[in-house]
2 protein chains.
Amino acid sequence: MSEPVFILVRPQMGENIGAAARAMLNFGLGSMRVVGPRDGWPNPRAVAMASGAGRVLDAAALCGNLPEAMADLAHVYATTARPRGVTKAVFTPEAAIGDARARIALGQKVGFLFGPERAGLENDDIIRANAIVTVPVNPDFPSLNLAQCVLLMAYEWGRQGSEMPARQLHAGADVRPARAAEIEALAGRLEDSLEVSGFFWPEHKAASMRMTLRNLLSRLDLTDTDVRTLHGVIRALLRGPRPPGPPDRDG
Amino acid sequence: MSEPVFILVRPQMGENIGAAARAMLNFGLGSMRVVGPRDGWPNPRAVAMASGAGRVLDAAALCGNLPEAMADLAHVYATTARPRGVTKAVFTPEAAIGDARARIALGQKVGFLFGPERAGLENDDIIRANAIVTVPVNPDFPSLNLAQCVLLMAYEWGRQGSEMPARQLHAGADVRPARAAEIEALAGRLEDSLEVSGFFWPEHKAASMRMTLRNLLSRLDLTDTDVRTLHGVIRALLRGPRPPGPPDRDG
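Residues numbered from 1 in each chain as written. Chains lettered and ligands numbered in written order. Predicted model: local features only at pLDDT ≥ 70, side-chain atom pairs only at ≥ 80, totals over all residues. Heavy atoms only, no water.

Visitor: For this particular structure, what's the right way to read the interface of chain A and chain B?
Guide: Where interface size is quoted, it is often the accessible area lost as the parts come together. Each partner contributes residues to the interface: chain A has 50 residues there, and chain B has 50 residues. Contact with chain B buries surface across chain A, with N26, F141 and Y155 of chain A losing the most and accounting together for 17% of the total. Applying the counting criterion to the chain A and chain B interface returns 4 salt bridges. Between R159 of chain B and E156 of chain A there is a salt bridge, and its shortest N-O distance comes to 3.6 Å. At the boundary of chain A with chain B, the tally comes to 18 residue pairs in polar contact (both at pLDDT 80 or more). Sorting the residues of the side of chain A that touches chain B by element identifies α1 (14–26), β5 (88–91), α5 (93–105), α7 (146–161) and β8 (167–171) of chain A as the ones contributing at least two each. Per-element tally for the side of chain A that touches chain B: the top contributor is α7 of chain A, with 6 residues. Residues belonging to the side of chain A that touches chain B are distributed by class as follows: 27 nonpolar, 15 polar and 8 charged. (Contact = heavy atoms within 4.5 Å. Buried area = accessible area lost by both parts, 1.4 Å probe. Salt bridge = Lys/Arg side-chain N within 4 Å of Asp/Glu carboxyl O. Polar contact = N/O pair within 3.5 Å; in protein donor to acceptor, adjacent residues only side chain to side chain. Helix = DSSP H or I, 4+ residues; strand = E, 2+ residues; numbered from the N terminus. Nonpolar A, V, L, I, M, F, W, Y, C, P; charged D, E, K, R; others polar.)

Visitor: How should the pairing of strand β1 (residues 5–9) of chain B be read in this particular structure?
Guide: The two faces of a sheet get side chains in turn, since along a regular strand they alternate between them. Residues and elements named next belong to chain B. Across the 5 residues of β1, 5 count as buried, placing the element largely inside the fold. In β1, alternate side chains face the same way, and those of V5, I7 and V9 on one face and F6 and L8 on the other are all buried. The sheet contact formed by β1 and strand β2 (residues 32–35) spans 4 bridges and is parallel. When the bridges of β2 are listed, V9 appears paired with V35. Handedness of the crossover joining β1 and β2 through helix α1 (residues 14–26): right-handed. (Buried < 20%, exposed > 50% of the residue type's maximum accessible area, 1.4 Å probe, protein only. Pairing = 2+ DSSP bridges. Right-handed = clockwise from strand over helix to strand, strands pointing away.)

Now the structure itself:
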């Protein structure tokens, strides 16, 4: 098993079970167990809400009690808002998922417990877990529901396993960054055109105006397409008013 | 302004606007703007759903169009599933919030755009933003709704600003880690009691059995309370069967 098991403990509303399944699958998780669901199992409202994530519910294991649901797990984290007098290690979601990923890499089976909507996990559940996870919510407004808590844990799982680069400069289009020679040529064209238009005035400021323009063009992260567009812009502006049409072939 | 503005662009269902307000307030965010909500403004369904986060809706600015909503912002991130042919930097939520926090620290006003439920932001919206944010969801099941996307961005904001320690060993209870001398005394008590009970047999294994027990007690991260509990456990086991009652005062 290369992913954590998400165990819903005594969930009440089928809609939340379905939303939890969706949240899990959004981040590639598919291993759910359900302990004592209030409205029986399978739950038609859960199925309706899960929609495309119905396969998570189909594969979910129904368990009679929590010890049965976690019997094969080596490490279990209980999600709860407050430790409530239970002496146990408390992790942030980030640290808990990091810990879980390290354990899974060692071949351990791990699970996360999520409590019922209204009251959350009881101390009798929490004492069976190895550790506690607490989302650092606003203490003046801590209102995460079951599906939201599942979503945040699943997001952490996905975030820490994601190979998406933190920042892609020119993503999503068939372009490449402009090369220095292309920027140089664009800057030269612009300077020549502005020279013709009498832009560099007064003369004692001309040098600094040229530097400002060069610096501007160098820091714009232009693509090859941008450079072609700007060549056309300069050409059109220099030519002045005329009806739309193909550019002349003069440069 | 020390927090980002969340701009909901042409949101459709009031419930989602209310859920977005809750998600924001969960992580201490309260600055919302709403552009062209389908069902008018204020929206009673949004208010009902927001419940305790109604103050976020009360303070939200209603804007006629996107340029008006972002007019005072120095940097705007558009949340969208795919860049869809727009050439623009794409950040993960983590990197975008990191970037936003750095800009806010420099005194810049920043905002995040969230598109309508069904179709998401249009290219006409995205080209006005400075950068794109994409949640790294499962490509086979990318089903985040508006309120979930707001929740994940708000969570990232809270996560990166949280002062909660990644791991607290004995949180939530009035206890302290046991000191070495206390572990030493407990181990000595246990060894003595087991000696009496004939545990260390065969004799040639006694030394390694003692080491195993010492090592076990040393790695348990016991608290002062745990140590007292275990002293009582040893005492009771050693005494054998008797009816419940206060322990003798003999140690």
